[in-house]
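Given next are the chains, with one letter for each unit.
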Amino acid sequence: MKILEILCMLGIPTFVFGMTKMIFMQIAGIKKGVQALLRAQMIADYNKYKDMGYAPIYAKENFENCWQQYHALGVNGVMDGLHTEFLSFPTEKHENPQ
């Protein structure tokens, strides 16, 4: 008997295929989870700084980093408008004279 025939009788190719499929499914699930977390963080940051009326430079840098990672995961463009609007926030609080 050849080695391949022995391995096939033991079900090794099926096992390897099954494990490979499981690993790829786990990676896809992790990718979707990370994407959801990044999206939630960006929405929370957007709402926080919109209420404040400004976004400090460090907040904009953090938002930009989150958006780049989110975008690299193959998003559908839903967050593009939010990203553009967030970056247009002023970086300092403007005092209103009383």
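Residues numbered from 1 in each chain as written. Predicted model: local features only at pLDDT ≥ 70, side-chain atom pairs only at ≥ 80, totals over all residues. Heavy atoms only, no water.

Points about the nonpolar core
Next, step 1: Membership of the largest hydrophobic core comes to 15 residues, with the highest contact counts inside it found for Met 42, Tyr 49, Met 79, Phe 86 and Phe 89.
Next, step 2: Breaking this core down by element, the ones donating at least two residues are α2 (12–52), α3 (57–72) and α4 (80–87).
Next, step 3: If you tally residues by element for this core, the top one is α3, at five residues.
Next, step 4: With residues near it in sequence (within four places) discarded, Tyr 49 still touches Tyr 54, Ala 55, Pro 56, Tyr 58, Ala 59, Phe 86 and Phe 89. (Core = buried A, V, L, I, M, F, W, Y, C linked by side-chain atoms within 4.5 Å. Buried < 20%, exposed > 50% of the residue type's maximum accessible area, 1.4 Å probe, protein only. Helix = DSSP H or I, 4+ residues; strand = E, 2+ residues; numbered from the N terminus. Contact = heavy atoms within 4.5 Å.)

Some remarks on the packing of α2 against α3
Next, step 1: Across the interface, α2 lies against α3 with an axial gap of 10 Å and an inter-helix angle of 150°. In terms of orientation, α2 lies roughly antiparallel with respect to α3. Considering only the axes of α2 and α3, their crossing is left-handed. Between α2, through Gln 35, Leu 38, Arg 39, Gln 41, Met 42, Asp 45 and Tyr 49, and α3, the contact on the second element is made entirely by Tyr 58, Ala 59, Asn 62, Phe 63, Cys 66, Trp 67, Gln 69 and Tyr 70.
Next, step 2: Tallied by class, the residues present in the contact of α2 with α3 amount to nine nonpolar, four polar and two charged. (Axes fitted to C-alpha atoms, helices over the stretch in contact; angles between N-to-C directions. Parallel < 35°, antiparallel > 145°, perpendicular 65-115°, else oblique. Left-handed = near helix turned anticlockwise from the far one by under 90°. Nonpolar A, V, L, I, M, F, W, Y, C, P; charged D, E, K, R; others polar.)

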